[in-house]
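# Architecture at a glance
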Amino acid sequence: MLLPRGIRIALRIATGLTLAFIYLPIALIVLYSFNAAKVATWPIGGLTIDWYLKAVDNAGIRNALIGSLEAAIGATIVALVLGTLIAFAVQRYSFFGRQTLAFVVVLPLALPGIVTGIALNSAFRTLGLDFGLLTIIIGHATFCVVVVFNNVVARLRRTARTAEEASMDLGADTFTTFRRITFPAIRTALLAGALLAFALSFDEIIVTNFTAGTGSQTLPLWIFTNYQRPNNLPLVNVAAVFVLVLSIVPVYLASRLTTDPAATGRT
Amino acid sequence: MADSPMTPRAPATDRLRAIAAALYRHPRAQIGLLLAAPLGWLVVAYLGSLALFLITSFWQVDSFSGALITQPTLKNYVEVATTEVYRTIAARTLLMATLVTLTTILIAFPIAFYMARVASARTRGILVVSILLPLWSGYLVKVYAWRLILSQGGVLNSVLAPLGLSGPGYSDVAVWLVESYLWLPYMIIPIYAGLERIPTSVLEASSDLGGRSWITIRRVILPLALPAVLAGSIFTFSLTLGDYITPTLVSNTRFIGNVVYDFVGVAGNQPLAAAFAMVPVAIMLVYLLIARRLGAFEAL
């Protein structure tokens with residue numbers, strides 16, 4: 001679109017400022033994790049990697065990290081299976097309630113997280129389920145399904161069915177066609193969905209707070225219970241960086257998997 | 001599907017093939033198999049919980065023994081509706097969600113416009129990824145980062161001190177700032193997608209008919225971008241309504257989320273928590289209905 005020079009320059013500046021606004025706080029937390037001083041004053045008091053060494057040695061952080069990884073992997077597996085199944089059903093078949101199903105899948109993201117949290121909390125209590133890893137996974141999977149679903153549906157929509165039909169015409173049965181044709185076509189979408197689900201689960205706190213109980217820990221929960229203790233401040237900073245890295249790297253990888261040249265070029 | 005007699009197969013393969021053939025003849029069975037697990041999960045684990053949550057809001061906690069009384073009553077709703085504090089908190093939360101939504105629209109529009117209509121394809125790709133990364137990750141970490149930034153001797157106060165100013169500290173303004181920061185990417189992406197969908201021919205037609213850039217933006221682009229803005233606002237609105245972490249970390253003020261959280265945790269009063277949590281749910285349902293009428297769902 002042709003725009004006067006002034007507007008173009010103004011837009012460029014606005015874009016730069018917005019990006020700075022988004023990324024400066026994130027950069028700052030990384031910087032603080034190397035802060036030699038124990039308080040978060042500015043300017044920082046020298047650089048050190050001591051807190052990282054201490055964090056790795058800290059049993060609380062280690063347990064929380066393991067808990068987070070277990071929860072994220074569990075939730076990702078459940079989301080991967082359920083999200084893919086729903087995506088195939090919605091994209092490939094027409095049945096009663098199809099639109100409703102697509103809506104229900106998105107609901108956990110559209111409703112405030114606290115609602116999902118408290119609803120699951122009272123359900124677990126009523127069913128007499130022990131709060132722990134299992135309940136965390138159930139909670140996380142509920143909102144992770146949608147990211148897998150979205151990725152797979154988008155890929156199925158873009159993939160022509162002619163290859164599958166050709167495969168069937170050549171005598172391959174449903175399973176063989178899936179293994180040899182359909183699965184390779186959606187493989188990267190599955191991987192991207194899984195990575196996003198992992199990231200979403202790894203830094204989740206709102207629902208986790210309601211589904212974790214006292215026995216189990218995740219890294220965000222550990223941060224949430226320790227951020228007010230002045231002694232633990234440097235360790236909280238390091239834990240925050242752990243969460244950041246382990247959620248941002250999967251998202252980056254997922255974005256690399258799903259951006260194909262056709263999607264970024266102007267059409 | 002004709003069996004090919006050429007290659008001899010193991011019985012297991014034959015059985016698989018028989019199943020495949022049977023499935024092929026019965027599409028309903030295919031759907032059934034596909035949907036059994038997900039429906040079981042969504043209906044039992046999720047919708048079931050939501051239903052129970054709704055039912056719980058009509059129950060009561062015996063103030064003496066702490067046991068649940070399952071006799072249906074409207075007492076919780078009456079308490080939420082008539083207690084001054086709860087009304088104030090609900091109104092405050094609604095106001096905050098509105099302010100945050102308006103703020104994110106204002107900040108998101110220029111960058112989304114730049115991405116969709118000015119940037120080269122390469123730059124656009126990089127920008128989209130730079131917006132998506134923080135959208136998906138590090139929610140708690142970002143709130144915590146702002147807690148450090150806004151603290152007494154923190155970055156903001158140190159930077160503003162030479163100018164004779166000081167930051168908002170931990171306050172309502174801080175909540176507004178941090179919520180706007182958190183949900184900004186959720187607004188940028190839909191607006192960007194909406195602006196990108198506007199056909200170039202429409203814009204050319206506007207300028208051919210004499211519309212200057214500004215007129216084209218106001219009369220053509222803004223109306224066409226409205227559904228996208230609404231789509232983004234569903235997220236910013238809903239996420240602000242339900243957030244209890246941000247107010248806890250950067251203010252001393254209580255919002256709906258904080259009260260609900262305390263009802264569940266500290267007070268152990270599930271029914272009252274459920275009744276109060278119905279406020280954001282009701283607001284969101286009304287909001288979703290309006291948004292759907294205005295075409296926001298096509299822009300999601």
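Please read all numbers here as calculations on a predicted model, not as lab measurements. (Residues numbered from 1 in each chain as written. Chains lettered and ligands numbered in written order. Predicted model: local features only at pLDDT ≥ 70, side-chain atom pairs only at ≥ 80, totals over all residues.)

Here we take up the overall build of chain B. Within chain B, the secondary structure is distributed over 13 helices and two strands. Over its C-alpha atoms chain B spans a radius of gyration of 26 Å, topping by over 25% the 19 Å that the globule rule assigns to 300 residues. Considered along the principal axes of its C-alpha atoms, chain B spans approximately 90 × 75 × 40 Å. Taken across its 300 residues, chain B has 45% of its residues classed as buried. Contacts spanning at least 24 positions in sequence make up 72% of the contacts within chain B whose residues lie at least 6 apart. (Helix = DSSP H or I, 4+ residues; strand = E, 2+ residues; numbered from the N terminus. Rg over C-alpha atoms; globule rule 2.2 N^0.38 Å. Buried ≥ 20, exposed ≤ 12 C-beta atoms within 10 Å, placed from the backbone. Contact = placed C-beta atoms within 7 Å.)

Further remarks concern the overall build of chain A. The helix and strand inventory of chain A stands at twelve helices and zero strands. Its helices and strands taken in sequence order, chain A reads α-α-α-α-α-α-α-α-α-α-α-α from the N to the C terminus. Expressed as lengths along the three principal axes of its C-alpha atoms, the size of chain A is roughly 70 × 65 × 30 Å. Taking all contacts inside chain A whose residues are at least 6 apart in sequence as the whole, residues at least 24 apart take part in 77%.

Here the focus is helix 13 (residues 270–293) of chain B. All names here are of chain B. Counted at 1.5 Å a residue, the expected span for helix 13 with its 24 residues is 34 Å, and the 34 Å between its end C-alpha atoms agrees. Valine 279 marks the point of greatest bend in helix 13, at about 25 degrees, and the proline proline 280 comes within the next four residues. A positive backbone phi angle near 85 degrees is found at glycine 295, which sits one or two residues after helix 13. (Expected span 1.5 Å × (residues − 1). Bend = angle between axes of the 7 residues up to and from the residue.)

Glancing now at the environment of B:Phe109. Residue placement: B:Phe109 occurs in helix 4 (residues 84–118). Taking the C-alpha atoms as reference points, B:Phe109 and B:Met278, 169 residues apart in sequence, are found 32 Å from one another.

Turning our attention to the nonpolar core. Nonpolar side chains tend to gather and get buried jointly when the protein is soluble and globular. One finds A:Ile118, A:Ala239, B:Ala112, B:Tyr144, B:Ile191, B:Val260 and B:Phe276 to be the most contacted residues of the largest nonpolar core, which totals 175 residues. When residues no more than four places from it in sequence are discounted, the contact partners of B:Phe276 are B:Val80, B:Tyr86, B:Ile256, B:Val259, B:Val260 and B:Phe263. (Core = buried A, V, L, I, M, F, W, Y, C linked by C-beta atoms within 7 Å.)

For interface size, the figure often reported is the accessible area lost on association. On the chain A side, the residues contacting the 79 residues of chain B number 73 residues. Top contributing element to the side of chain B that touches chain A by residue count: helix 2 (residues 27–56) of chain B, with 17 residues. Looking at the side of chain B that touches chain A residue by residue, the classes come out as 58 nonpolar, 17 polar and four charged. (Nonpolar A, V, L, I, M, F, W, Y, C, P; charged D, E, K, R; others polar.)

With respect to the helices and strands, A:Pro25 occurs in helix 1 (residues 5–33). Given 21 C-beta atoms within a 10 Å radius, A:Pro25 is considered buried. In contact with A:Pro25, not counting residues within four places along its chain, are B:Lys142, B:Ala145, B:Trp146 and B:Ile149.

All names here are of chain B. Where helix 4 contacts helix 10 (residues 213–242), the two axes come as close as 9 Å, and the packing angle between them is 140 degrees. Considering the angle they form, helix 4 stands oblique to helix 10. Here helix 4 and helix 10 pass one another in a crossing that is right-handed. Of helix 10, the residues touching helix 4 (which contributes Thr93, Met96, Ala97, Val100, Thr101, Thr104, Ile105 and Ala108) are Val229, Gly232, Ser233, Thr236, Phe237, Thr240 and Leu241. In the contact of helix 4 with helix 10, the residues fall into eight nonpolar, seven polar and no charged. (Axes fitted to C-alpha atoms, helices over the stretch in contact; angles between N-to-C directions. Parallel < 35°, antiparallel > 145°, perpendicular 65-115°, else oblique. Left-handed = near helix turned anticlockwise from the far one by under 90°.)

Looking at chain B, the pLDDT average stands at 87 and 95% of residues meet or exceed 70. Among the prediction metrics, the complex's ipTM stands at 0.89, with pTM recorded as 0.88. (pLDDT = per-residue confidence, 0-100.)

This part covers the confidence of the model for chain A. Residue and element names in this part refer to chain A. Per-residue confidence for chain A averages 88 on the pLDDT scale, and 96% of its residues sit at or above 70. Across chain A, the element-wise mean pLDDT spans from 42 in helix 12 (residues 261–264) up to 94 in helix 1. This stretch, residues 261–267, has a pLDDT under 50; its non-local contacts, to residues over four places away or in other chains, come to six contacts.

Residue and element names in this part refer to chain B. Following the sequence through the fold, threonine 240 ends up in helix 10. Here the alpha-carbon distance between threonine 240 and leucine 230, two residues ten residues apart in the chain, equals 15 Å. If we skip the residues at most four places from it in the chain, threonine 240 touches Met96, Ala97, Val100, Glu179 and Trp183.

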